[in-house]
Amino acid sequence: QLQLVESGGGLVQPGGSLRLSCAASGFTLDYYAIGWFRQAPGKEREGVLCISSVSSITRYADSVKGRFTISRDNTKNTVYLQMNSLKPEDTAIYYCAAHRFGTSCPSGRSGYRYWGQGTQVTVSS
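Keep in mind it's a predicted model, so treat the numbers as computed, not measured.

Trainee: Before we go on, may I ask you to explain the nonpolar core in this structure?
Mentor: Nonpolar side chains tend toward joint burial in soluble globular proteins. In terms of nonpolar packing, the biggest core is built from 29 residues, with Leu4, Ile34, Trp36, Phe68, Met83 and Tyr94 touching the most fellow members. Mapped by element, the contributors of at least two residues to this core are strand 3 (18-25), strand 4 (32-39), strand 5 (46-51), strand 7 (68-73), strand 8 (78-83), strand 9 (92-100) and strand 11 (119-123). Discounting chain neighbours no more than four positions away, the residues touching Phe68 are Arg38, Val48, Leu49, Leu81, Gln82, Met83, Asn84, Leu86, Asp90 and Tyr94. One finds Ala33, Phe37, Ala97 and Cys105 within the second-largest nonpolar core, a separate group that totals 6 residues.

Trainee: Can you help me understand the sheet that holds strand 7 in this one?
Mentor: In a beta sheet, neighbouring strands pair by backbone hydrogen bonds and run either parallel or antiparallel. Here we have 4 strands laid out as an open sheet, ordered 1-3-8-7, and antiparallel in their pairing. Here the strands that pair on one side only, and so sit at the sheet edges, are strand 1 (3-7) and strand 7. On average, each strand axis in the sheet is tilted by 15° relative to the strand beside it, whichever way the strands run.

Trainee: When you look at the pattern of salt bridges in this model, what are you seeing that I'm missing?
Mentor: Side chains that differ in charge, positive against negative, can pair when their charged atoms come close. This model, assessed by the stated rule, comprises 5 salt bridges. Salt-bridge contacts for Glu46 lead to Arg38; the nearest nitrogen and oxygen are separated by 2.7 Å. In this structure, Asp62 engages Arg59 in a salt bridge whose closest nitrogen and oxygen atoms are separated by 3.6 Å. A relative accessible area of 62% means that Asp62 is categorised as exposed.

Trainee: Explain the pairing of strand 9 here, please?
Mentor: Each regular strand carries side chains that alternate between the two faces of the sheet. Bridging between strand 4 and strand 9 involves 8 bridges; their strand directions are antiparallel. Paired with Tyr32 across the strands is Arg100, a residue of strand 9. Alignment of strand 9 against strand 11, held across 3 bridges, turns out to be antiparallel. Across the sheet, the residue bridging to Ala92 is Val121, located in strand 11. Here strand 9 runs beside strand 10 (residues 114-115); their pairing, made up of 2 bridges, is antiparallel. Bridge pairing in strand 10 links Ala97 to Trp115.

Thresholds applied
Residues numbered from 1 in each chain as written. Predicted model: local features only at pLDDT ≥ 70, side-chain atom pairs only at ≥ 80, totals over all residues. Heavy atoms only, no water. Core = buried A, V, L, I, M, F, W, Y, C linked by side-chain atoms within 4.5 Å. Buried < 20%, exposed > 50% of the residue type's maximum accessible area, 1.4 Å probe, protein only. Helix = DSSP H or I, 4+ residues; strand = E, 2+ residues; numbered from the N terminus. Contact = heavy atoms within 4.5 Å. Pairing = 2+ DSSP bridges. Axes fitted to C-alpha atoms, helices over the stretch in contact; angles between N-to-C directions. Salt bridge = Lys/Arg side-chain N within 4 Å of Asp/Glu carboxyl O.

Below you can see the structure in the form of structure tokens.
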């Protein structure tokens, strides 16, 4: 069974930091591109960042430039999203997604076959 599980979400004040984890179960992430997406209530799901199987980076959202970074640790079968200088507009459910044979990142969310269940991030005073 192929499964992705996000963790690390929670409530944080503006300017704070969180690190999200995306752990794979039932398969190895070595040959997958992994993307992070987010969705606020009533809004479209939007791409954030992606890391390919060869560790090239694609940024989907300009709003996270200089604040968010994506990385992978294949020995732990896990991809991370480090979020710094958080803003209230970052509040959303954050999802990770996997693209097989992903030496390059897909251009959008339609390129990802496997999705996690999401983890809630709330940025508020």
